[in-house]
Amino acid sequence: MQQFKYPKFNQTVYQQRLTNGLLVTMLPMEGFHKTYAVLSTEFGSIDNAFVPVGKDELLTLPDGVAHFLEHKMFEKADHDAFDLFGRLGADANAFTSFTQTRYLFSTTSHLHENLDVLLDFVQDPYFTEQTVAKEKGIIGQEITMYNDDPGWRLYLGMLGNLYPNDPMRIDIAGTQESIQKITAEMLYDAYRTFYQPANMNLFIAGKLDIDQTLAWVEQNQAQKHFDTSSLPKRLAVISDPDANDVIPFRTLTMAVERPKVMVGLRGIQQLDDGKQRLLYKWRINLLLAMLFDETSANFLRLYDAGIIDDSFNYNFEIQRGFHLATFSTDTDQMEQFSDAMIQILKEAPEQLEAVKNQFEDIKHAMLGRLINQLDSPENIAVLYGGGYFDHATLLDEIEILRGIEYDELTTAIDQFIKPERLSVYQIVPPTK
């Protein structure tokens, strides 16, 4: 078993890859009563074109299969996994992102039994055409709900601008039309390809005994048979790696009280090493904080002018295959907001130099927020990025952020900020 020690925090992360390929990562947290476990597979909504296990030809599935599969995993022929967790006093949930599907529980007791439930229901698929047909109505209602959410439509609209020919432009749940095409056979093809142990990881944090917990997991896995197969063969996600297909502007009319606007910036930097991706992520997060944080001169100037309000938000996200930054607000001055965001980004080197003396304060504030997350087994487990970030933990992220120097932010500007990859998306109320 590998051990990764973090003496500054008196913490040790333990990691073991089982013979079937499942990676188990554990972080015991002394003094905590809750344990949080997340079982993840590297399969998300963008993975809809792949070569299924046991086949030779590329298969393209309807949008929404990963999310549909997540819904169906809990239901078995004679029970529902949620009921089993409830009887054991655990809270359970699951979610699908663009690149992952995660199944999780938190508990203060019966850790062994809850781990068995988690591993057993995820590793025992049960789909029929009847149960699939029933789920289409449920997921259809969920899609309708998100279609009525202006904030989600704003974000998804921006993804459509930045990636107009790629799968992340589509809602993670799919569309009303696409989910009608999903069959039980498709779910089994996706399951057998992406839910093999070598494409999955189990992260457990909180109250636990390392040797005992690993023994429980090994015992559970030893009782099951898994076909030996290679890692999934996926179709490349990005159709235009140089981002020449970015749409500069679109607008949507929707029943909103105030207009919403988002400026987006698409990144194209490709990094093969997971730790380098984390370094890239935190350099850009630091850069954006210096330019747009609520204590920054830019924020205060735009706030005082009434161009932004408390709804203003900026975010940088990096996932397998793509990354982007977004800047959004509710405002009656949409053009002024867009122009201001674009100008700040275009002038990033000069803007950064003007606030150079604030670098250490902003960095320490970000470190403080990360360190505060160490008080929560749930946050530590949810923030675990998996294989794309070389299985780094929150503790690794803290160390990476701590080591960043001011001069590195100029590298981040050169790598990320290119005016030709900027875009604007607006949601406006109907005209009266």
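Scroll up to find the structure.
Because the structure is a prediction, the values reported are computed rather than measured.

1. A closer look at the overall build of the protein
Step number 1: On a plain count of helices and strands, the protein comes out with 16 helices and 15 strands.
Step number 2: Over its C-alpha atoms the protein spans a radius of gyration of 23 Å, differing by no more than 12% from the 22 Å that the globule rule assigns to 432 residues.
Step number 3: Each of the three principal axes of the protein carries a C-alpha extent, and together these read 65 × 55 × 40 Å.
Step number 4: In the protein, once contacts between residues fewer than 6 apart in sequence are set aside, the share between residues at least 24 apart is 80%.
Step number 5: Split by element, the accessible area of the protein, about 19400 Å² in all, is 48% carbon and sulfur.
Step number 6: Computed over 37 positive and 62 negative side-chain charges, the separation of the two mean positions in the protein equals 2 Å.

2. Considerations on empty space enclosed by the protein
Step number 1: As enumerated under the stated definition, the model contains two cavities of 30 Å³ or more in all.
Step number 2: Put simply, the largest cavity is a space of about 50 Å³.
Step number 3: Lining the largest cavity are Phe43, Gly44, Ser45, Asp47, Asn48, Leu61, Pro62, Asp63, Gly64, Val65 and Ala66.
Step number 4: Residues that form the lining of the largest cavity fall into these classes: five nonpolar, four polar and two charged.
Step number 5: What the second largest cavity holds in volume is close to 40 Å³.
Step number 6: Taken together, Ser45, Asn48, Asp63, Gly64, Pro167, Ile170, Asp171 and Ile172 make up the lining of the second largest cavity.
Step number 7: For the lining of the second largest cavity, the class distribution of residues is three nonpolar, three polar and two charged.

3. Section: the environment of Gln180
Step number 1: Tracing the backbone through its elements, the reader meets Gln180 in the loop between helix H6 (176-179) and helix H7 (184-194).
Step number 2: Judged by its relative accessible area of 46%, Gln180 falls in the partly exposed class.
Step number 3: Along the chain, Gln180 and Pro430 lie 250 residues apart, while their C-alpha atoms are 31 Å from each other.

4. With respect to the sheet that holds strand E2 (residues 11-17)
Step number 1: The mixed open sheet is built from seven strands, whose spatial order is E1-E2-E3-E9-E4-E8-E7. Strand pairing shows two members of the sheet lacking a second neighbour, strand E1 (2-6) and strand E7 (91-96), which therefore form its edges. For this sheet, the mean angle separating the axes of adjacent strands, direction not counted, is 15°.
Step number 2: Where strand E4 (residues 35-41) lies against strand E9 (residues 200-206), seven bridges are found, and the strand directions are antiparallel.

5. As for helix H11 (residues 334-346)
Step number 1: Helix length check: H11, at 13 residues, gives a terminal C-alpha distance of 18 Å against a target of 18 Å (1.5 Å per residue), a fit within 8%.
Step number 2: Every buried residue of H11 is accounted for by Met334, Phe337, Ser338, Ala340, Met341, Ile344 and Leu345. All buried residues of H11 lie within an arc of 165° about the axis, which places them on one face of the element. For H11, the exposed residues lying more than 90 degrees away from the buried face are Asp339 and Lys346.
Step number 3: The inward-facing, buried residues of H11 contact strand E12 (260-267), helix H9 (274-292), helix H10 (297-304), strand E14 (322-330), helix H12 (348-354) and strand E15 (422-428).

6. Looking at the side chain of Thr96
Step number 1: When you line up the elements, Thr96 lands in strand E7.
Step number 2: Look at Thr96 and you get buried, because its relative accessible area is 11%.
Step number 3: Among the polar contacts made by the side chain of Thr96, one reaches the side chain of Glu70 at a distance of 2.6 Å.

7. Re the packing of aromatic side chains
Step number 1: Applying the stated rule across the entire model yields 26 aromatic pairs.
Step number 2: Taken together, the ring pairs connect Phe74, Phe82, Phe85, Tyr103, Phe105, Phe121, Tyr191 and Tyr195 into an aromatic cluster.
Step number 3: Above the ring of Tyr388, the side-chain terminus of Arg277 is found at 4.0 Å from the ring centroid.

8. Side note on the pattern of salt bridges
Step number 1: On inspection of all chains with the given rule, the structure shows 14 salt bridges.
Step number 2: Note that Arg266 and Asp245 form a salt bridge whose closest N and O atoms lie 3.0 Å from each other. In this pair, Arg266 sits in strand E12 while Asp245 sits in the loop between strand E10 (233-234) and strand E11 (249-253), placing the two residues 21 residues apart along the sequence.
Step number 3: A relative accessible area of 1% places Arg266 in the buried class.

The rules behind these values
Residues numbered from 1 in each chain as written. Predicted model: local features only at pLDDT ≥ 70, side-chain atom pairs only at ≥ 80, totals over all residues. Heavy atoms only, no water. Helix = DSSP H or I, 4+ residues; strand = E, 2+ residues; numbered from the N terminus. Rg over C-alpha atoms; globule rule 2.2 N^0.38 Å. Contact = heavy atoms within 4.5 Å. Areas by Shrake-Rupley, 256 points an atom, 1.4 Å probe, with all protein chains shown as cover. Lys, Arg positive; Asp, Glu negative; His and termini not counted. Charge placed at Lys NZ, Arg CZ, Asp CG, Glu CD. 1 Å grid on protein atoms, 1.4 Å probe; cavity = no way out; pocket = protein on both sides within 12 Å on 5 of 7 lines; lining within 4 Å. Points joined across faces, edges and corners; volume = space filled by probe spheres on them. Nonpolar A, V, L, I, M, F, W, Y, C, P; charged D, E, K, R; others polar. Buried < 20%, exposed > 50% of the residue type's maximum accessible area, 1.4 Å probe, protein only. Pairing = 2+ DSSP bridges. Axes fitted to C-alpha atoms, helices over the stretch in contact; angles between N-to-C directions. Expected span 1.5 Å × (residues − 1). Arc of directions from axis to C-beta. Polar contact = N/O pair within 3.5 Å; in protein donor to acceptor, adjacent residues only side chain to side chain. Phe/Tyr/Trp six-rings, centres within 6.5 Å; stacked < 30°, edge-to-face > 60°. Lys NZ or Arg CZ within 6 Å of the ring centre and 35° of its normal. Salt bridge = Lys/Arg side-chain N within 4 Å of Asp/Glu carboxyl O.

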